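Remarks on the overall topology
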Amino acid sequence: MVLGELGNALAGALKKLGEHTVVDEEVMDACLKEVTKALLQADVNVQYVVAMKKNIVKSVNIAELAAGLNARKLLEKAVFQELCRMLEGGELAEAKKKKYEPKKGTPNVVMFVGLQGCGKTTTCTKYAYHYQKKGFKPALVCADTFRAGAFDQLKQNATKARIPFYGSYTETDPAKIAAEGVERFKAERNDLIIVDTSGRHKQEDSLFEEMRQVAESVQPDMTIFVMDSSIGQAAQDQARAFKATVDVGSVIITKLDGHAKGGGAISAVAATQSPIIFIGTGEHVDEFEPFDTKPFVSRLLGLGDWTGFIDKIQDFIPQDQEGGDLMDKLAQGHFTMRILYDQFANIQKMGPMSAVMSMIPGMGNDMMPKGQEKQSQAKMKRMMCLMDSMTDEELDSTSLKILQDPKRMERIGRGAGRHPGDVVELVEEYKRLAKMMGKMKGLKQPKKGGYGQQQAMGQNLAQMAQAIPPAMLKQMGGMGALSDMMKQLEGKDMGQMQQMMGKMMGGGK
């Protein structure tokens, strides 16, 4: 996960509270020392950290707590609230602009600005790809005539993501290129037109003048400032300088996966009252996350983000893909290699597993180290390759006699170019998951609304708790965590939620 070291330190500090029977002032001081130490190591401004500590001590006065109040819970809540306040820009959070959201069907022109080397061109493609998955028709315009190879980079990225692009090798006027590109894509009815502008090694008058010219020629609906998080606290001065010169509406912070200074950058930008809309979490086009303060802090503290988890499943798994059928099959105890294949494919669409795992309460930032994550992805691809070598009969069968037939196993391994031992590993994995899915037999599909729906959901949650391995359930926080998940998802269509839970459990490892 992003800011893994900071997240581990903060979650560890709160976890140690559970080791004490009574939380007194000494325990609270020790906890706050660890929290402040972790924030300072992440390059967060000392003034912010000192103010945060004072606010926590003020809100959780151990000596004056009323009888029956849980000091541990109050302290956890206070740490959560103060971190949110810091990342929202303190007292003036309400004054912040509403985050910009493009509208489908009408041309939305978005201009990207920033210094050279901050990851602006890559971020343009990530932004376009993010909205392409939501049904938009994005297009990219390269108005960077200053950096050699800028157009080649944008062309390569756009081609890989299958996004139309426009640029010129001969024209030197960025404002002219930008205007021509925007007009062309408006005529082609693209509803999200992204203009990539030039950067410089530092804040120069020529850079700001060029940005003003491009802005005048395309009249953007939104100007997004892209910033490299590795500069830490210095992000505050940079954000203020750009905001004073150009009408910066939003900020995207990049490279949060490569160093420990990201916390300082986020808090510094928040102090300028510039809304952070996305964060870059890696080099790949899908390593790009919308930034929302409360879910972000919740994941940082190891408390998870169930709503974000379900939303991610909705984004990446088509609703028409076996939705009700999958739940019906699981309710009958029917689990096949084909279902396993589909769930592996769905998991891969969801991006890095560490980011997905951090959304589940208890599955902290250290649950899946980077090396182990790569091994898991490779193992999944290897198993999918073996399943590609199977016949329809083998994919749809629940009979272990068929799946463990030596001749079939030899043929499957040979067809996939794998060793027979890999086929044995696949069958063992299938047996383990089939046993887990067997515990979900009898799941009820409730009708929408009424007491019967709540009763059925309660029964299903109890069955799901039995299906999840005990160690994993304990790590997640037990039945209480599953109940909290339902409270967070209150208001969503229950039938749809059941289908998503079926998909989630179908791909569990």
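Above this text is the structure in question.
Chains are numbered independently. Their residues run from 1 in the order of the written sequence. Owing to the predicted nature of the model, reporting of local features is limited to residues with pLDDT of at least 70; listing and counting of side-chain atom pairs is limited to 80 or more, with chain, interface and lining totals taken over all residues. Excluding hydrogens and water, the side-chain figures rest on all heavy atoms present in the structure.

Describing the overall build of the protein
Filter applied, for reference: Runs of E in the DSSP output that reach at least two residues are strands. Runs of H or I that reach at least four are helices, and both are numbered from the N terminus. The cut-offs for exposure are 20% and 50% of the maximum accessible area for each residue type, with area from a 1.4 Å probe on protein chains only; residues under the lower value are buried, those over the upper are exposed, and the others partly exposed. Between two residues, a contact is recorded if the distance between any of their heavy atoms is within 4.5 Å. The method behind every accessible area is Shrake-Rupley, applied with a 1.4 Å probe, and residues are considered shielded solely by the protein chains displayed.
For the protein, the count of helices and strands is 24 helices and 8 strands. For the protein, with 509 residues in total, the buried portion stands at 51%. In the protein, once contacts between residues fewer than 6 apart in sequence are set aside, the share between residues at least 24 apart is 76%. Carbon together with sulfur atoms contributes 51% to the accessible area of the protein, which is approximately 24000 Å² in total.

Regarding the pattern of salt bridges
Oppositely charged side chains can pair when the atoms bearing their charge come close. This is how it is decided: The salt bridge definition used is simple: a Lys or Arg side-chain nitrogen within 4 Å of an Asp or Glu carboxyl oxygen.
In the structure shown here, the tally under the stated rule is 19 salt bridges. Between E429 and K379 there is a salt bridge whose closest N-O contact spans 4.0 Å. Here E429, found in helix α20 (residues 420-438), pairs with K379, found in helix α16 (residues 370-388); they are 50 residues apart in sequence, far enough to count as distant. For E429, a relative accessible area of 9% translates into the label buried. For K379, a relative accessible area of 23% gives the class partly exposed.

Some points on the packing of helix α19 (residues 406-416) against α20
Test applied: Axis lines are fitted through C-alpha atoms, for helices just across the contact stretch, and the angle between N-to-C directions can take any value from 0 to 180 degrees. In these notes the angle categories are as follows: under 35 degrees is roughly parallel, over 145 is roughly antiparallel, 65 to 115 is roughly perpendicular, and the rest is oblique. Crossing handedness is read from the near helix: turned anticlockwise from the far helix by less than a right angle, it gives a left-handed crossing, and turned clockwise, a right-handed one. Three classes are used: nonpolar for Ala, Val, Leu, Ile, Met, Phe, Trp, Tyr, Cys and Pro, charged for Asp, Glu, Lys and Arg, and polar for all others, with Gly counted as polar.
Two elements in contact, α19 and α20, have axes separated by 8 Å at closest approach and are oriented at 110°. Here α19 is positioned roughly perpendicular relative to α20, judged by the angle of their axes. When the axes of α19 and α20 are compared, the crossing they make is right-handed. Facing M409, I412 and G413 of α19, the residues of α20 in contact are V423, V424 and V427. Tallied by class, residues from the contact of α19 with α20 come to 5 nonpolar, 1 polar and no charged.

Description of the packing of aromatic side chains
The condition that has to hold: Working definition: a ring pair exists when centres of Phe, Tyr or Trp rings (six-membered ring for Trp) sit within 6.5 Å. Plane angles under 30 degrees give stacked, over 60 give edge-to-face, the rest tilted.
Under the counting rule described, the total for this entry stands at 10 aromatic pairs. Summarising the aromatic geometry, the rings of Y127 and Y131 are spaced 5.0 Å apart at their centres and angled 65° between planes, so their arrangement reads as edge-to-face. One end of the pair, Y127, and the other, Y131, are both in helix α5 (residues 120-132), 4 residues apart, so they sit about a helical turn from each other. Judged by relative accessible area, Y131 falls into the buried class, the value being 2%. Seen in terms of ring centroids, F278 and F288 are 4.6 Å apart; in terms of plane orientation they differ by 10°. Their pairing is stacked. On the criterion of sequence distance, the pair formed by F278 in strand β7 (residues 276-280) and F288 in strand β8 (residues 288-290) is long-range, its members being 10 residues apart.

Remarks on the environment of K58
Residue placement: K58 occurs in helix α3 (residues 46-59). A C-alpha to C-alpha distance of 9.7 Å links K58 and A78, two positions 20 residues apart in sequence.

Observations regarding the pairing of strand β4 (residues 192-197)
Stated precisely, the cut-off is as follows: Between any two strands, at least two bridges found by DSSP are needed for them to pair.
Most of β4 is tucked away, with 6 of its 6 residues classed as buried. In β4, alternate side chains face the same way, and those of L192, I194 and D196 on one face and I193, V195 and T197 on the other are all buried. Relative to β4, strand β1 (residues 108-113) runs parallel, the two being bridged by 5 bridges. Paired with V110 across the two strands is I194, which belongs to β4.

Focus on the nonpolar core
It is characteristic of soluble globular proteins that their nonpolar side chains tend to be buried jointly. How we decide: We call a set of buried residues a nonpolar core when its members are Ala, Val, Leu, Ile, Met, Phe, Trp, Tyr or Cys and they connect through side-chain atoms within 4.5 Å of each other.
The biggest cluster of nonpolar side chains holds 68 residues, and the ones touching the most others in it are L39, V195 and F242. Counting residues in hydrophobic clusters, the runner-up holds 26 residues, among them L140, M222, I277 and F278.

So, a negative patch on the surface
The cut-off we apply is this: Nonpolar side chains (Val, Leu, Ile, Met, Phe, Trp, Tyr) within 5 Å and like charges within 9 Å form the patches, drawn only from residues with over 30% relative accessible area and no salt bridge. When charges are tallied, Lys and Arg are placed among the positive residues and Asp and Glu among the negative ones, while His and the ends of the chain are skipped. To locate a charge, the coordinates of NZ of Lys, CZ of Arg, CG of Asp or CD of Glu are taken.
Together, D24, E25, E26 and D29 line one region of the surface with negative charge. Along the chain, E25 turns up in helix α2 (residues 25-41). Taking relative accessible area as the criterion, E25 reaches 44% and is therefore assigned partly exposed.

Purely geometric stuff here, so don't read any function into it on its own.
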